[in-house]
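# Examination of the molecular architecture
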Amino acid sequence: MANSKSNTESLDAQLRSISNRLDAIENVVHNPTVDDEEKDSSSAEACGLPDVPLRELEAGIDPDRESLIRAIEKKWVNGTELKYYFFESGAWGGSNSQQRVVADAFDEWKEVGIGLNFNEVDSPDEADIRIGFKRGDGSWSYVGRDIWSRPVNERTMNFGWLLRGQDGRDTALHEIGHTLGFQHEQQNPFAGIEWDEDAVYRYFTGPPNNWSRQKTHHNVLRTLDPNSVEGSQWDPNSIMQYGIRSGLILRPAEYRSGLRPAPGLSDTDKARVRLFYPEMASRLKKLERFSAERLDLSPAQQANFVIKPTATKRYQIQTFGSSDTLMVLFEDNNGNLEHMAADDDSGWGHNARLEVRLVKGREYVLRIRLYFSEESGEFAVMLW
Ligand SMILES: [Zn+2]
């Protein structure tokens, strides 16, 4: 972001705005129903996420600005087509029926009505999401845009046990939830869970998980920053919430005998994913050369443009003004949007900028998601 002079009033307003929007959704859909029949979590293996270091931001950054950045930074720009690949043979290979469970779970997220697209591809080189089925290696996924930090010959997601019935479906929905940028719900600071920590360490360091104490802390006991989670309410029925066996939670007292989230995506899960990835209009405004487009966005909102170059040459695309954004350029390949370049200037004292060679006759799509701007509507994007 350029011009890091803080405008506290504007920041407060933006924080209130994103938090109010999320709360409004959650107040409408919050549904405390728990179905005790469906999920018995008494001795299940649990999802254990890889530990990824926090992305570095400029020293001395305003804590409120950092909070907004942390709330949004793992999310994809809306409209991204995420390509997934299943390993079919070798140590990571999975059967057709196991692949089907995961493909169906992608469809279930899509059917919520979101702007992301998911498509299966035949080669790991083309894929954003590379899915293995190595037994005994746990079930896990990298979170959101972190999957792009993984080399193309590595998995970004694994299923370490057989996916069967509703539990198997829920495991697939949960891991895909991570890939969309969502974290574990039991670590939601608004859950107010008081754990029996000794019992938690005993349980997760023992079979079938056999986790280290560090991994147990990372996935269960560690409380997330209040501003890095969606909204200010805990959803015990979220697909991102572990089933918890009896004796691990001390308070709330109603969960001492265990916590069994209702199966499938909760209404809050659906509302949260739609907030970050609403369905998109198909017609986009054209970004013309040397014509600055003023952007009036709230945090987490996004602007989308089509670019139709009139000459083949190198172009610059840059934001102007005090803004933190993620800017991503795609080439439109007969309706498939291929990722070309991205810049994320959030938390730094410069603007998002791309220098790319564009070809006359082809079409490109530019997407800009706002983390934070000092004054609403006081930033712009230009192509030249
Ligand atoms: Zn998980």
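Residues numbered from 1 in each chain as written. Predicted model: local features only at pLDDT ≥ 70, side-chain atom pairs only at ≥ 80, totals over all residues.

## Notes on unusual backbone geometry
- Of note, the amide linkage connecting Pro-207 to Pro-208 takes the cis form, showing an omega dihedral of 5°.
- Mapped onto the elements, Pro-208 comes out in the loop between α5 (197–205) and α6 (213–221).
- Cis peptide bonds are those with omega within 30 degrees of zero, and the linkage from Arg-251 to Pro-252 qualifies with 0°.
- Tracing the chain through its elements places Pro-252 in the loop between β7 (249–251) and α7 (267–276).
- A positive phi angle is found at Phe-290, which is not glycine, with a value near 60°.
- Along the chain, Phe-290 turns up in the loop between β8 (285–286) and β9 (293–295). (Helix = DSSP H or I, 4+ residues; strand = E, 2+ residues; numbered from the N terminus.)

## Description of the sheet that holds strand β5 (residues 157–158)
- A sheet is described by the order of its strands in space; here 5 strands give the open sequence β2-β1-β3-β5-β4, paired in mixed fashion. Lying at the two open borders of the sheet, with one neighbouring strand each, are β2 (117–120) and β4 (140–141).
- Inspection of the sheet shows strand β1 (residues 81–86) paired to strand β3 (residues 129–132) by 3 bridges, in the parallel sense. The residue bridging Tyr-85 from the neighbouring strand is Arg-130, located in β3.
- Where helix α3 (residues 96–110) meets the sheet, its contacts fall on β1, β2 and β3, and the angle it forms with β2 comes to roughly 160°. (Pairing = 2+ DSSP bridges. Contact = placed C-beta atoms within 7 Å. Axes fitted to C-alpha atoms, helices over the stretch in contact; angles between N-to-C directions.)

## Brief notes about the pairing of strand β16 (residues 379–383)
- Burial along β16 is one-sided: the residues Phe-379, Val-381 and Leu-383 are buried and none of Ala-380 and Met-382 is.
- Bridge count between β9 and β16: 3 bridges; the pairing is antiparallel. Among the inter-strand pairings, Glu-293 is bridged to a residue of β16, identified as Val-381.
- Relative to β16, strand β11 (residues 313–321) runs antiparallel, the two sharing 5 bridges. Looking across to β16, one finds that Ile-317 is bridged to Leu-383. (Buried ≥ 20, exposed ≤ 12 C-beta atoms within 10 Å, placed from the backbone.)

## Concerning the environment of Asn-158
- The topology assignment puts Asn-158 in strand β5.
- Assessed through the 22 C-beta atoms surrounding it within 10 Å, Asn-158 is described here as buried.
- C-alpha separation for the pair Asn-158 and Asp-137, spaced 21 residues apart in sequence, amounts to 7.5 Å.
- The residues touching Asn-158, leaving out its near neighbours within four places in the chain, are Gly-132, Lys-134, Asp-137, Gly-138, Ser-139 and Trp-140.

These figures capture arrangement, not role.
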